[in-house]
Amino acid sequence: MTHTLGHWVSGSDWDGASERTAPVYNPARGAVTKHVRLASAADVDAAVAATAAAWPVWRDASIAKRTSVLFAFRELLNARKQELAEILTAEHGKVLSDALGEIARGLEVVDFACGVGQLLKGTYSENVSTDVDVYTLRQPVGVVGVISPFNFPAMVPLWFLPIALAAGNAVVLKPSEKDPSASIWLARLFAEAGLPEGVLTVVNGDKEAVDALLVHPDVRSISFVGSTPIAQYIYATAAGAGKRVQALGGAKNHMLVLPDADLDLAADAAVNAGFGSAGERCMAVSVILAVDAVADALVAKITERMSTLRTGDGTRGCDMGPLITREHRDKVAGYLDQAASDGATVVVDGRGIDVDGEADGFWLGPSLIDRVPLDSAVYRDEIFGPVLSIVRVSGYEEAVDIINASPYGNGTAIFTNDGGAARRFQREVQVGMIGVNVPIPVPVAYHSFGGWKASLFGDAKAYGPYGVSFFTQEKAITSRWLDPSHGGLNLGFPQNA
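The shown structure was predicted, so the numbers you read here are calculated from the model rather than taken from an experiment.

*Asks:* Mind showing me how you'd approach the sheet that holds strand β14 (residues 285–291) here?
*Replies:* Hydrogen bonding along the main chain pairs the strands of a sheet, whether they run parallel or antiparallel. The sheet built from seven strands is open, its strands ordered β15-β16-β17-β14-β13-β19-β20 with mixed pairing. Looking along the sheet, the strands with just one partner apiece sit at the ends: β15 (345–348) and β20 (433–436). For this sheet the average axis-to-axis angle between neighbouring strands, irrespective of direction, equals 20°. Note: strand β19 (residues 411–415) against β20, four bridges, orientation parallel. What sits directly across from I414, in β20, is V436. Contacting β13 (253–257), β14, β16 (367–370), β17 (387–393) and β19, helix α9 (residues 263–275) crosses the sheet at an angle of about 170° to β13. Against the sheet, helix α11 (residues 326–341) touches β15, β16 and β17, its axis set at about 25° to β16.

Listed below in structure tokens is the structure:
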């Protein structure tokens with residue numbers, strides 16, 4: 001018997017009026033474990049109204065009060081992270097170690113938000129004209145919307161919630177309907193930490209709920225992470241409705257391996273970055289650009305390491321779990337047939353492998369494809385699964401040309417022991433996040449996350465200084481206070497002595 005998960009409004013569970021639901025699966029079992037309510041536009045209106053009504057109390061709370069709630073939340077989350085990790089594994093399928101790693105990266109942003117007062121300070125210029133001062137204030141935006149993806153049900157909400165709340169905003173979060181339980185769990189934890197009722201709302205739903213948020217007049221901003229086509233739609237729709245928008249899209253991340261690289265280090269990195277979280281992450285390495293001189297040796301080392309990986313239920317100590325849905329598994333597996341028809345070599349085929357899990361799980365093992373043509377869909381598309389492609393290149397220049405020709409610009413990496421090559425690479429490559437002997441260059445929380453080109457719409461990156469700027473708005477005040485000895489009427493017009 002499955003139960004139905006609702007929404008979180010005004011500090012408590014709420015069913016809403018809509019009776020539409022969607023199934024939530026355990027991907028390792030291929031079984032429905034619950035259903036989730038899908039909000040109607042009217043439900044979104046009611047949820048936003050409740051959030052807007054709660055906002056003034058939080059807006060007017062001191063920075064000390066707001067950050068004390070964030071710190072209490074940090075302590076609770078750190079103490080209960082195993083419980084949240086088990087929820088992530090049950091609904092997303094990622095192994096427990098990946099789930100705990102996701103929570104750790106989210107906690108980094110919570111830590112950052114606890115000290116956000118330093119970045120909420122304004123500026124002050126004294127005596128810009130006679131007895132005139134100019135200063136700025138940073139104030140919250142209001143009710144802000146966050147639309148998060150299925151692949152990081154805890155980390156992506158934690159990219160946005162701590163900073164938005166620390167800055168004094170109220171938040172409406174719309175998580176993925178594929179794995180919604182983590183967001184409700186986080187909302188309960190915020191309530192336990194002392195967040196006033198209504199300041200954080202969770203609305204579950206599908207496109208109808210998203211569209212309602214994008215155009216709602218009381219939602220002042222939208223934060224989104226997902227695929228590039230949806231990010232582009234989110235940006236155009238919300239910006240057209242007059243909102244500020246941060247919309248992070250998809251990726252096709254390259255890892256260049258030069259002949260002088262430590263090939264064991266590079267092979268370890270390729271396996272970890274290509275198959276961690278079943279490749280369902282926008283910073284996964286999906287293309288290895290291997291210089292011809294070392295390509296054969298690198299492919300052999302990657303293949304050897306792949307043979308040791310255990311695919312199965314994330315609760316059983318495996319290295320990689322299932323994909324999120326049966327449909328997505330089938331789509332990703334289809335690229336292996338596409339590779340063969342395009343003339344590539346399927347070195348490791350992840351279909352039909354032995355798994356440590358139930359037969360109905362959404363399984364696809366790690367897969368490796370060599371000599372992938374640049375005109376193949378295997379190279380062009382964001383596969384979002386455990387498929388690693390090898391593209392052989394003659395040298396550094398050809399590799400950089402390939403990276404820069406990609407429509408995406410999220411993350412890239414270079415593996416080399418040549419500091420000059422690394423320095424040249426970081427200057428010349430047209431990508432927003434770069435790793436030097438680091439395969440997944442996700443910045444720490446006091447920097448900001450975001451790519452270039454079709455990987456980011458708008459100019460607002462996530463968390464860090466960009467995040468604080470996005471969730472605040474600046475006022476500039478010009479003031480004149482008359483000296484007590486002044487005796488006459490002054491209308492404030494400039495005068496020439």
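*Asks:* I keep staring at the environment of R480 and nothing clicks. Help me out?
*Replies:* Residue position: R480 is located in strand β23 (residues 472–480). Relative accessible area serves as the criterion here: at 38%, R480 is assigned to the partly exposed category. In this structure the C-alpha to C-alpha distance between R480 and T130, which are 350 residues apart in sequence, comes to 8.6 Å.

*Asks:* Looking at this model, I keep getting lost on the nonpolar core. Mind explaining?
*Replies:* Soluble, globular proteins show a tendency: their nonpolar side chains are buried together. Membership of the largest hydrophobic core comes to 97 residues, with the highest contact counts inside it found for F73, L77, L84, W159 and F449. Looking at this core, the element that brings in the most residues is helix α5 (residues 155–166), giving 10 residues. Setting aside its immediate chain neighbours within four residues, L84 contacts L77, I103, A154, A182, W185 and L186. Core analysis: the next-biggest nonpolar cluster, separate from the first, contains 60 residues, L289, V294, I402 and I414 among them.

*Asks:* For this particular structure, what's the right way to read the packing of aromatic side chains?
*Replies:* To describe a pair of aromatic rings, one takes the distance between the centres and the angle between the planes. One pass over the full model with this rule turns up nine aromatic pairs. Measuring from centroid to centroid gives 6.4 Å for W159 and F160, while their planes differ by 75°, and the two rings are edge-to-face. F160 carries the same exposure label as W159, and that label is buried. Considering the side-chain rings of W159 and Y463, the 5.6 Å spacing of their centres and the 65° angle between planes classify their relative orientation as edge-to-face. Of this pair, W159 sits in helix α5 while Y463 sits in the loop between β22 (456–457) and α15 (464–470), and the two are 304 residues apart along the sequence. For W159, a relative accessible area of 4% translates into the label buried. Cation over ring: R59 sits above W55, and NZ or CZ is 4.9 Å from the ring centre.

*Asks:* Sorry, what's going on with the side chain of K252 here?
*Replies:* By secondary structure assignment, the location of K252 is in the loop between β12 (244–248) and β13. Here K252 sits buried without a salt bridge, and the closest side chain of opposite charge, D381, lies 7.1 Å off (N-O distance). Engagement of the side chain of K252 in a polar contact is seen with the backbone oxygen of V378, the distance being 3.0 Å.

*Asks:* I would appreciate a short explanation of the pattern of salt bridges in the present structure.
*Replies:* Should the charged atoms of two oppositely charged side chains come close, the side chains can pair. Tallied over the full model, the rule gives 27 salt bridges. Where R188 meets D13, a salt bridge forms, and the shortest distance between an N and an O atom there is 2.7 Å. Residue R188 is located in helix α6 (residues 181–192), and its partner D13 is located in strand β3 (residues 12–14); the two are separated by 175 residues in the primary sequence. For R188, a relative accessible area of 38% translates into the label partly exposed. With its nearest N and O atoms 2.5 Å apart, the salt bridge here joins E192 to R80. Taken together, the residues E192 in helix α6 and R80 in the loop between α2 (63–79) and α3 (81–91) connect sequence positions 112 residues apart. On the basis of relative accessibility, which here comes to 29%, the residue R80 falls in the partly exposed class. Each of D264, D268, K301 and R305 takes part in a single network of salt bridges with overlapping partners.

*Asks:* Mind showing me how you'd approach the pairing of β16 here?
*Replies:* Put simply, side chains in a regular strand alternate between the two faces of the sheet. Residues S367 and I369 point to one face of β16 and L368 and D370 to the other, with burial holding for every one of them. Pairing analysis gives three bridges linking β15 to β16, with the strands arranged antiparallel. Residue V348 lies in a different strand from β16, and its bridge partner there is L368. Across three bridges, β16 lies against β17 in parallel orientation. Residue pairing in the sheet places S367 in a bridge with V387 of β17.

How each quantity is defined
Residues numbered from 1 in each chain as written. Predicted model: local features only at pLDDT ≥ 70, side-chain atom pairs only at ≥ 80, totals over all residues. Heavy atoms only, no water. Pairing = 2+ DSSP bridges. Helix = DSSP H or I, 4+ residues; strand = E, 2+ residues; numbered from the N terminus. Axes fitted to C-alpha atoms, helices over the stretch in contact; angles between N-to-C directions. Contact = heavy atoms within 4.5 Å. Buried < 20%, exposed > 50% of the residue type's maximum accessible area, 1.4 Å probe, protein only. Core = buried A, V, L, I, M, F, W, Y, C linked by side-chain atoms within 4.5 Å. Phe/Tyr/Trp six-rings, centres within 6.5 Å; stacked < 30°, edge-to-face > 60°. Lys NZ or Arg CZ within 6 Å of the ring centre and 35° of its normal. Lys, Arg positive; Asp, Glu negative; His and termini not counted. Salt bridge = Lys/Arg side-chain N within 4 Å of Asp/Glu carboxyl O. Polar contact = N/O pair within 3.5 Å; in protein donor to acceptor, adjacent residues only side chain to side chain.

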